[in-house]
Amino acid sequence: MLSNPQETIRVIKENNFTFRKNYGQNFLIDSHVIDKIIAAAEIDKSTKVLEIGPGIGTLTQYLAEAAESVTAVEIDDKLIPILEKTLADYDNVNVIHGDILKQDIGAIFGGEPFKIVANLPYYITTPIIMNLLESRVPADSITVMIQKEVADRMKAEPGSKDYGALSLAVQYYADPYLAANVPPNCFMPRPNVGSAVIRLKRLEEPFVKVKDERHMFKLIRAAFNQRRKTLANAVKNFEGLSYSREEVENALTSLGLDTRVRGEALGLQEFAALSDALS
Ligand code: SAM
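Residues numbered from 1 in each chain as written. Predicted model: local features only at pLDDT ≥ 70, side-chain atom pairs only at ≥ 80, totals over all residues. Heavy atoms only, no water.

## Notes on the sheet that holds strand 4 (residues 93-97)
Judged by pairing direction, the sheet is mixed, and its 7 strands sit side by side in the order 4-3-2-5-6-9-7 without closing on themselves. At either end of the open sheet lies a strand with only one pairing partner, and these are strand 4 and strand 7 (174-182). Strand-to-strand twist of the sheet, defined as the mean angle between neighbouring strand axes without regard to direction, takes the value 20°. Bridging between strand 6 (residues 139-147) and strand 9 (residues 195-202) involves 7 bridges; their strand directions are antiparallel. Counted as the bridge partner of I142 is L200 from strand 9. Across the sheet, helix 6 (residues 125-134) lies against strand 2 (48-52), strand 5 (114-119), strand 6, strand 7 and strand 9, angled at about 170° from strand 6, the strand it touches most. (Pairing = 2+ DSSP bridges. Helix = DSSP H or I, 4+ residues; strand = E, 2+ residues; numbered from the N terminus. Axes fitted to C-alpha atoms, helices over the stretch in contact; angles between N-to-C directions. Contact = heavy atoms within 4.5 Å.)

## A word on the packing of aromatic side chains
Under the counting rule described, the total for this entry stands at 8 aromatic pairs. Between the aromatic rings of F17 and F19, the centroid separation amounts to 5.6 Å while the plane-to-plane angle is 80°, which identifies the pairing as edge-to-face. Taken together through their ring pairs, the aromatic side chains of F17, F19 and F27 make up a single cluster. (Phe/Tyr/Trp six-rings, centres within 6.5 Å; stacked < 30°, edge-to-face > 60°.)

## Concerning the site of the ligand
The environment of the ligand is formed by 23 residues, the closest being L28, G53, E74, D99 and N119. Interatomic distance of 3.4 Å between a backbone N/O atom of I75 and a nitrogen atom of the ligand. Contact between the ligand and Y123: a nitrogen atom at 3.0 Å from a side-chain N or O atom of the residue. Considering the ligand on its own, with 590 Å² of exposed area, one finds that the protein chains cover 99% of that surface. (Near = heavy atom within 4 Å. Polar contact = N/O pair within 3.5 Å; in protein donor to acceptor, adjacent residues only side chain to side chain. Areas by Shrake-Rupley, 256 points an atom, 1.4 Å probe, with all protein chains shown as cover.)

## Some details on the side chain of S275
Mapped onto the secondary structure, S275 falls in helix 12 (residues 268-278). Residue contacts for S275: discarding those within four places in its chain leaves V210, D212, H215, M216 and L219.

## A word on helix 3 (residues 58-66)
Helical geometry: 3.6 residues make up each α-helical turn, so side chains three or four residues apart lie on a common side. In terms of burial, helix 3 is a largely internal element, 7 of the 9 residues being buried. Every buried residue of helix 3 is listed here: T58, L59, T60, Q61, Y62, L63 and A64. (Buried < 20%, exposed > 50% of the residue type's maximum accessible area, 1.4 Å probe, protein only.)

## Some details on the nonpolar core
Counting 62 residues, the largest nonpolar core has M154, M216, L231 and F271 as the members making the most contacts within it. Beyond its immediate chain neighbours, meaning those up to four positions away, F271 contacts L168, M216, L219, I220, A223, F224, L231, G263 and L266. In this structure, A64, L87, C186 and F187 belong to the second largest nonpolar core, which totals 27 residues. (Core = buried A, V, L, I, M, F, W, Y, C linked by side-chain atoms within 4.5 Å.)

## Some remarks on the packing of helix 11 (residues 245-254) against helix 12
Working note: a packed helix pair is described by the angle between its axes plus the distance between those axes. Two elements in contact, helix 11 and helix 12, have axes whose closest approach is 9 Å; the angle formed by their N-to-C orientations is 120°. It follows that helix 11 is oblique to helix 12 by the angle criterion. Regarding helix 11 and helix 12, the two cross each other, and that crossing is right-handed. Of the residues in helix 12, those in contact with E247, V248, A251 and L252 of helix 11 are L274, A277 and L278. In terms of residue class, the contact of helix 11 with helix 12 is made up of 6 nonpolar, no polar and 1 charged. (Parallel < 35°, antiparallel > 145°, perpendicular 65-115°, else oblique. Left-handed = near helix turned anticlockwise from the far one by under 90°. Nonpolar A, V, L, I, M, F, W, Y, C, P; charged D, E, K, R; others polar.)

## Here we look at the packing of helix 7 (residues 148-155) against helix 8 (residues 165-173)
Closest axis-to-axis distance for the helix 7/helix 8 pair is 6 Å, and the angle between their directions is 65°. For the pair helix 7 and helix 8, the sense of crossing is right-handed. Of the residues in helix 8, those touching helix 7 at V150, R153, M154 and K155 are L166, S167, V170 and Q171. When the residues that make up the contact of helix 7 with helix 8 are grouped by side-chain class, the tally is 4 nonpolar, 2 polar and 2 charged.

## So, the environment of K211
Position of K211 among the secondary structure elements: in the loop between strand 9 and helix 9 (213-225). When its relative accessible area of 65% is taken as the criterion, K211 is described as exposed. Distance from K211 to I75, taken between C-alpha atoms, is 38 Å for residues 136 residues apart in sequence.

## Focus on the pattern of salt bridges
Counting across every chain of the model gives 18 salt bridges. With a closest N to O distance of 3.3 Å, D162 and K161 form a salt bridge. In this structure, a network of salt bridges that share partners links the residues R227, R228, R262 and E264. (Salt bridge = Lys/Arg side-chain N within 4 Å of Asp/Glu carboxyl O.)

## Points about the environment of P176
Looking at the element boundaries, P176 is found in strand 7. Residue classification places P176 among the buried residues on the basis of a relative accessible area of 18%. On a C-alpha basis, the gap between P176 and A156 in space is 9.4 Å, while along the polypeptide they are 20 residues apart.

## Let's talk about unusual backbone geometry
Residues M188 and P189 are joined by a peptide bond in cis, for which omega reads -15°. The backbone of R136 shows a phi angle near 55°, a positive value even though the residue is not glycine. In this structure, R136 sits in the loop between helix 6 and strand 6. Although it is not a glycine, E239 sits at a positive phi angle of roughly 35°. Looking at the element boundaries, E239 is found in the loop between helix 10 (231-235) and helix 11.

Written as structure tokens, this is what we have:
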């Protein structure tokens, strides 16, 4: 297995591989962390897994042992021949060379349920996760290593400093659970930031019912774009929203909310109700 510094260095040297920073390449070198990822993802021999960014195949080997099958999508062409060697012993792994943001993931699994597991490239964490949640791919859960600060924002509650548009977007679709904090020395090379493993369990139905989802998320973006302002002032003329301050204040009053409330104090239920009252 690859999950230790010596083996990782050997594979890298043997293949003359150089890390590409622009692809967010920080490879895992700690088997305890990998065990925690697999446990948090609740994988067994009946699970189909999609892995994003297998790197040299470290996490992939463990996934292949634990799951029914693994499909791994890797963008870096230099890693494809390396993966052929490191995964040669596993006949339940399929590597796709490509950009995860351009894959038709639903088609890969033909409508069958699956789970997503990854040590994500941090530079595109939010687009990858939002893309997966918004496109409603039939993944039961997404268990990923991400920047600790982003994990804190995903699970933040109203009123906390980390609470914002990302918290609301993630919690609309999924139930977040922080499975582990992971220090930089568990990776090669070491990232400049702390990391965390977060599991997002997809909700059967979105957390709230709202007439126009896009309208609600526009209000949310407006609220947190200028988070020091009152909600009524922040929403006024934001990205094509044509509400006056009075209109927003009236809607807030009709919901029993203070007219001077800030977005950071409102939960999803309240944003949904406000969106319905305004639209
Ligand atoms: N899974 C490996 C591990 O844990 O050691 C590598 C994780 S590394 C943090 C992220 C991986 O994602 C790299 O292998 C990188 O080349 C790949 N990657 C970066 N951008 C990608 C994209 N858009 N689509 C697919 N893979 C990508």
